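# Observations on the three-dimensional arrangement
For reference, the chains in residue letters:
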Amino acid sequence: MIEHHSKDEKQELQLTYPSNMHQASSAERKYNFEKQVFFSRVGYFKLRNASSQNAHTELYDLLGVPPSASEDDIKKAYRKKNPNDPQAAQKFQEMAAAYEILSDPESRALYDESGMAGLGPGSGGPGGMADAADLFAQFFGGGATFFDLDTEVPYDVTLEDLYNGKSVKMNMEREIICSTCQGSGARGSMKPKECVHCEGKGWTFIQTQIAASRYGTARTKCTECGGQGSKLKEKDRCKKCKGEKTVEEKTRQEIFIEKGMPDGHRIVLAGAGDQQPGIPAGDVIFKLKTTHHESFERSGSNLLTNVKITLSEALLGFSRILIKHLDGRGIRVSSPPGRIIRPGDSIKLRGEGMPTHKHPDQKGDLFIVLDIEMPDAQWLQSVNKPALERLLPSKKPDMDPMPEIVDEIPYEEGDIVDVRARSFPAGSDFFDQGFASQFGEGDEDDWEDEDGDDYDDDNMGGEPECRPQ
């Protein structure tokens, strides 16, 4: 909550927006400006207190005693305050907090030396102004949520959208400042009345525990007036916004999904969010989320897919259209003559991967894993088995030398997926070999980065990039 200052105080504070403020997000702009106001105010009061020995008198004023009052005088003044009196009841909580501080010699000394700053967490004792950042966080909660008017919207995109690029138009609703009352919330020339609860300050005192058996006070936004310090009567409110100061507006926005944008990329529409009087408008942020694709997987600027070939193609070669690409093109590939393809072999089609963001003419690679389809039983019954056996490589003989004991075990089909899904007791070494990498286990030294870099050419290993449109 920003307090109002007199003309002289404003000149002393010298508040200005930094020259690069427009480059930050709206939340950062609002937070930084509030922080600048706060620290300027701290600096102002620090200068003012240096020229006055009785600067920290607010708590004494609440109890109606001078700073030179004795402990007995403070106790008597506190007891004289009648909480049944309506006017006194409004201040009772503040007076209780004041008495809690001034009745303790140690906390009173801190207050006389450094004011309320000397009582906050991390104040470092006398001279607590040195850690004003903690005091700022205590008052404003770090500024992370109270002033954040940005709106983040998850947006699903397909690999086709990210490969080809796309323009999307959509209808949106947002809050804008009322044009009738210009954000005052009042009807005509009506003026809001001072809030009785906080006496126009916009804040009230609350007690906070700062250590065992030690309590301090902190300011919090008034719940009656929402931190404004004033309230409007029902009859004095603007008819259009009903005193809310903002109204709903329907707009049509357009976002551009550029070629090669990474998953999690944030598209920022600066200033397209909700408006509030005296606060810069928030941003609308669309966070891209790539949906599952039936054929392709993406890894940075590269693509991966699986293609099935027949046993004949694995032995004798192939020349045909293997896939339909994300832009609709058919990709024809011919295997080298005399090359036998084994199950799990892969091929790389250079330059057929994803476009590089901001450089769409540069593309990654497309990796194709070749799966071999074995003939079915019907095909086997239709061929001459002795002739086929003569064409195929000979069967492997028994191992030599033979084991002393040989057991005949029945043949039974099984699914290795079922085995991998089972739970094994501690100390089992089943996953220490072939399956460890599938569960994120094993030694990190077993992994090898062929490129030797932590990032690819598109810097896909870093954080998603925010790019305003």
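The following paragraphs examine the structure supplied in this document. This is a predicted model, so every value here is computed, not measured.

The strand order E10-E11-E17-E14 describes an open sheet built from four strands, whose pairing is mixed. Looking at which strands have only one partner, the edges of the open sheet turn out to be strand E10 (296-299) and strand E14 (346-349). Here the strands of the sheet are splayed against their neighbours by 30 degrees on average, with no regard to which way each runs. Here eight bridges tie strand E11 (residues 302-310) to strand E17 (residues 366-373), and the two strands are oriented parallel to one another. Paired with Leu 304 across the two strands is Phe 367, which belongs to E17.

So, on to the pairing of strand E12 (residues 319-324). Relative to strand E13 (residues 330-334), E12 runs antiparallel, the two being bridged by five bridges. Bridge pairing links Ile 321 to Arg 332 in E13. The antiparallel pairing of E12 with E13 creates a hairpin that spans five residues between the two strands, and Gly 328 there sits at a positive phi of about 95 degrees.

This paragraph deals with the packing of aromatic side chains. One pair of aromatic rings is described through two measures. These are the centre distance and the angle between the planes. Tallied over the entire structure, the rule returns two aromatic pairs. With a centroid separation of 6.4 Å and 90 degrees between ring planes, the pair formed by Tyr 155 and Phe 286 is classed as edge-to-face. Taken as a pair, Tyr 155 in strand E1 (residues 151-157) and Phe 286 in strand E9 (residues 284-290) lie far apart in primary sequence, 131 residues in all. For the pair formed by Tyr 155 and Phe 286, the shared burial category is buried. Summarising the aromatic geometry, the rings of Trp 203 and Phe 205 are spaced 5.3 Å apart at their centres and angled 75 degrees between planes, so their arrangement reads as edge-to-face. On the basis of relative accessible area, Trp 203 is assigned to the buried category, the value being 7%. Directly above the ring of Trp 203 sits Lys 201, whose terminal nitrogen or CZ lies 5.2 Å from the centroid.

Turning to unusual backbone geometry, a few remarks are in order. Asp 400 connects to Pro 401 through a cis peptide bond whose omega is 5 degrees. Summarising the element assignment, Pro 401 is placed in the loop between helix H11 (385-391) and helix H12 (416-421). Even without a glycine there, the phi angle at Gln 182 is positive, about 60 degrees. As for its placement among the helices and strands, Gln 182 is situated in the loop between strand E2 (166-177) and strand E3 (193-194). Given the relative accessible area of 62%, Gln 182 is considered exposed.

Quick look at the pattern of salt bridges now. Inspection of the entire model under this criterion finds nine salt bridges. The salt bridge partner of Glu 352 is Arg 329, with a shortest N-O separation of 2.7 Å. On the criterion of sequence distance, the pair formed by Glu 352 in the loop between E14 and strand E15 (355-356) and Arg 329 in the loop between E12 and E13 is long-range, its members being 23 residues apart. Counted as one network, the salt bridges with shared partners bring together Asp 327, Arg 329 and Glu 352.

The rules behind each value
- Residues numbered from 1 in each chain as written.
- Predicted model: local features only at pLDDT ≥ 70, side-chain atom pairs only at ≥ 80, totals over all residues.
- Heavy atoms only, no water.
- Pairing = 2+ DSSP bridges.
- Helix = DSSP H or I, 4+ residues; strand = E, 2+ residues; numbered from the N terminus.
- Axes fitted to C-alpha atoms, helices over the stretch in contact; angles between N-to-C directions.
- Phe/Tyr/Trp six-rings, centres within 6.5 Å; stacked < 30°, edge-to-face > 60°.
- Buried < 20%, exposed > 50% of the residue type's maximum accessible area, 1.4 Å probe, protein only.
- Lys NZ or Arg CZ within 6 Å of the ring centre and 35° of its normal.
- Salt bridge = Lys/Arg side-chain N within 4 Å of Asp/Glu carboxyl O.

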